[in-house]
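Descriptive analysis of the structure
Here is what each chain is made of, one letter per residue.
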Amino acid sequence: MSVHRTDFVVIGSGIAGLTFALRVAEQAEVVVITKKERSESNTNYAQGGIAGVMSPEDTFELHMQDTLNAGAGLCHEDAVRVLVQEGPRQIRRLIELGARFDMERDAQGNPVLALGREGGHSRNRIVHYADQTGWEIERTLLEATRYHPRVTIYEHFFALDLIIQNGECVGVWVLNTHSDKAEAFLARAVLLATGGCGQVYPHTTNPPIATGDGIGMAWRAGACIANMEFMQFHPTTLYHPGARSFLISEAVRGEGAILRLPDGTPFMEKYHPMKDLAPRDVVARAIDAETKRLGIPCVYLDITHRPEEFLRQRFPVIYSRLESVGIDMAREWIPVVPAAHYMCGGVQTDLHGRTSIPRLYAAGEVACTGVHGANRLASNSLLEALVFADRAGIHALEASWSEPAMESVPSPDRIVDQQVEPSEETDVRRRLHSVMHRKVGIVRRLASLEEAARELEQIERMAQAVVCREPHRVEAWEDWNLSITGNLIVQCALRRRESRGLHTLVDHPNRDDEHFRRDTVLCRREIG
Ligand code: FAD
Ligand code: SIN
């Protein structure tokens, strides 16, 4: 069995993992483990952009206020302040590293960043690279790590479980998928940067890597997890059998697109004064309500008043993807439905990315820093990943964690609990999707959530049994992690007996600040 030793291990090569890696590599060796090719991540697909106060017409106070409004009373103000105030410096750092964001000329003819608008923002503050912002950021960060003497990236290495010794995280078990062998990576500290969990739902904007592995690993290790009831559904994904769930960026509404019913009636004015640019939870619920009310499969996004030339230049990826399924967005309305997009909750951290387990940090979508509260403001997630991964890197260096004292590494056989009942049923993902889609969607009912909890408990046991039987199959681990994630979403949802932000409970339709103006925190050690 191979045992590797390094200073820091990072699990994940998206914006959070690479930002941390670059920071700690200033003084230490860092290994980045990533389960597919290094660029494969949610980051790579981000379209709209990254929010930041980058213009004289904008202020920190306004960005804070917009973030707090979207978060529906649950954002941690200290975390939001850090996000908003440190954000612009981080965006400038990306530019220094070579990120090419779109520019325009100001009134005096000087080049300035072209800033877009998205839902919930009271100012234009979205820095972007056409509709490929994530790709450009990922390219920039990978380029910066490519020849870095202290950064080593292991592709197609799948992190299985954290190695915990005396209550501290001292490394990670990894499946080397080239050799099919488990290997141990020991380090002074570990960063979880495994991204999101959109694959817990059948319809999601997320790529296949988004299987909640970090949530599964952290939960098994005993870390506290928070606010999992707040799964953000993006309002506008393509409704088409040829490209289901392809994201149609909110930036399209930022450029003037209007949501319409099949007969052409715009409907967002009924739901919010910001109409089509209302916060995302409001728009997704409005579409859900209209499709149910009229018994229609989708609504339509209309940007046909903008010239083709402009649309092709501003949204090249969206334009060509739509063309590939026979839709010309300059002339036709785009059929859209909501789909699972972003997990606002996750592994609970403080302002330095520290989790409840010493030496274990988390950053990016896997983490719950307190920034997003009950609903994330558009384009705040890339920003959050940048700001808090960098802070975690600085803390990890300053903490001077010692080398792990482990003399012997526990056998990888102990990763899985061999006592689990074997199960014949292996179609874990299909069953999980069915429960999550039918019972844990945009609008929820207590009775359905309770049924879902019972079914998910069984599914999780079944998934664990499959891992015991096939411990070297990546998909088996992903299914286990997803079923843990599904369970945590439902457990958090059951504890929140109110409607707030992304959590709408028919049985308790109002916000209840007296009892629920707090995070939902689950700690395995406490709940057994
Ligand atoms: P990711 O970028 O997802 O990286 C996770 C990494 O972990 C990947 O490399 C993955 O392979 C690896 N990994 C996972 N599990 C394992 C494992 N077990 N072992 C080894 N490696 C593992 N946000 C914005 O702010 N603005 C936007 O415009 C925007 N647009 C979006 C558009 C789309 C289509 C999607 C899906 C998301 C969008 N988001 C946007 C959200 C944003 O992209 C993500 O929240 C953010 O990129 C997450 O970064 P991350 O580094 O935390 O995770
Ligand atoms: C989008 O481009 O609509 C996605 C933006 C985000 O998720 O913040």
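A quick note: this is a predicted structure, and the numbers were derived from the prediction, not measured.

1. Considerations on the site of ligand 2
Lining the immediate environment of ligand 2, one finds Gln47, Gly48, Glu118, His234, Leu247, Ser249, Glu250, Arg280, His341, Arg376, Ala378 and Ser379. Contacts to ligand 2 include serine 249, whose side-chain N or O atom sits 2.6 Å from an oxygen atom. One of the backbone nitrogen or oxygen atoms of serine 379 is found 2.6 Å away from an oxygen atom of ligand 2. Here ligand 2 has 260 Å² of accessible area as a free molecule, and 93% of this is covered by the chains.

2. Examining the site of ligand 1
Inspection of the region around ligand 1 gives 38 residues, with Thr43, Gly49, Ala159, Glu365 and Ser381 positioned closest. Take alanine 159: an N or O atom from its main chain is 2.8 Å from a nitrogen atom of ligand 1. Side-chain polar atom of serine 379 to a nitrogen atom of ligand 1: 3.4 Å apart, as the coordinates give it. When the free accessible area of ligand 1 is taken as 1,000 Å², the share hidden by the protein chains comes to 98%. Counting residues per element, the shell around ligand 1 draws most heavily on strand S10 (residues 157–165), which supplies three residues. In terms of residue class, the shell around ligand 1 is built from 14 nonpolar, 19 polar and five charged.

3. A short note on the state of the cysteines
On inspection of all chains with the given rule, the structure shows one disulfide. Disulfide pairing places cysteine 224 opposite cysteine 523 at an S-S distance of 2.0 Å. For the disulfide bridge between cysteine 224 and cysteine 523, the dihedral angle about the S-S bond is near 120°, and by the sign convention the bridge is right-handed. Linking cysteine 224 in strand S14 (residues 224–226) with cysteine 523 in strand S24 (residues 521–523), this pair joins segments that are 299 residues apart in sequence.

4. Observations regarding the nonpolar core
Core analysis: the biggest nonpolar cluster contains 76 residues, and Ile11, Leu162, Leu192, Tyr201 and Val347 have the highest contact counts within it. At 12 residues, the largest contribution of residues to this core is made by helix H13 (residues 474–495). Excluding its chain neighbours within four sequence positions, the residues that come into contact with valine 347 are Leu192, Gly214, Ile215, Ala218, Ala223, Cys224, Ile225, Thr355, Ala362, Val366, Ala367 and Cys368. By size, the runner-up hydrophobic cluster in this structure holds 54 residues, among which are Phe20, Leu68, Ala99 and Leu141.

5. Looking at the pattern of salt bridges
Oppositely charged side chains are able to pair whenever their charged atoms sit close together. One pass over the full model with this rule turns up 44 salt bridges. Taking the shortest distance from any N to any O, the salt bridge between glutamate 290 and arginine 293 comes out at 2.7 Å. Here glutamate 290 pairs with arginine 293, and both are found in helix H7 (residues 280–294), just three residues apart, close to one helical turn. On the basis of relative accessible area, arginine 293 is assigned to the exposed category, the value being 52%. One salt bridge in this structure joins arginine 500 and aspartate 513, with 2.7 Å as the shortest N-O distance. With arginine 500 in the loop between H13 and strand S23 (504–505) and aspartate 513 in helix H14 (residues 513–516), this residue pair connects regions lying 13 residues apart in the sequence. Since its relative accessible area comes to 2%, arginine 500 is described here as buried. By sharing partners, the salt bridges in this structure join Glu229, Arg496, Glu498, Arg500, Arg511 and Asp513 into a single network.

6. Let's talk about helix H10 (residues 381–398)
The terminal C-alpha atoms of H10 lie 25 Å apart, and with 18 residues this matches the ideal 26 Å at 1.5 Å per residue to within 8%. Across the 18 residues that make up H10, a large majority, 16, are buried.

7. Description of unusual backbone geometry
Its identity is not glycine, yet asparagine 166 carries a phi of approximately 50°, on the positive side. Positive phi outside glycine occurs at serine 245, with the angle close to 75°. Tracing the backbone through its elements, the reader meets serine 245 in the loop between strand S15 (231–238) and helix H6 (250–254). The exposure class of serine 245 is buried, given its relative accessible area of 7%.

8. Some details on the side chain of arginine 188
By secondary structure assignment, the location of arginine 188 is in the loop between strand S12 (181–186) and strand S13 (189–192). In terms of polar contacts, arginine 188 uses its side chain to reach the backbone carbonyl oxygen of tryptophan 401, at 3.1 Å. Contact partners of arginine 188, with chain neighbours within four places excluded, come to Thr6, Asp7, Phe8, Ala28, Arg359, Ser400, Trp401, Ser402, Glu403 and Pro404.

Rules used throughout
- Residues numbered from 1 in each chain as written.
- Chains lettered and ligands numbered in written order.
- Predicted model: local features only at pLDDT ≥ 70, side-chain atom pairs only at ≥ 80, totals over all residues.
- Heavy atoms only, no water.
- Near = heavy atom within 4 Å.
- Polar contact = N/O pair within 3.5 Å; in protein donor to acceptor, adjacent residues only side chain to side chain.
- Areas by Shrake-Rupley, 256 points an atom, 1.4 Å probe, with all protein chains shown as cover.
- Helix = DSSP H or I, 4+ residues; strand = E, 2+ residues; numbered from the N terminus.
- Nonpolar A, V, L, I, M, F, W, Y, C, P; charged D, E, K, R; others polar.
- Disulfide = S-S within 2.5 Å.
- Core = buried A, V, L, I, M, F, W, Y, C linked by side-chain atoms within 4.5 Å.
- Buried < 20%, exposed > 50% of the residue type's maximum accessible area, 1.4 Å probe, protein only.
- Contact = heavy atoms within 4.5 Å.
- Salt bridge = Lys/Arg side-chain N within 4 Å of Asp/Glu carboxyl O.
- Expected span 1.5 Å × (residues − 1).

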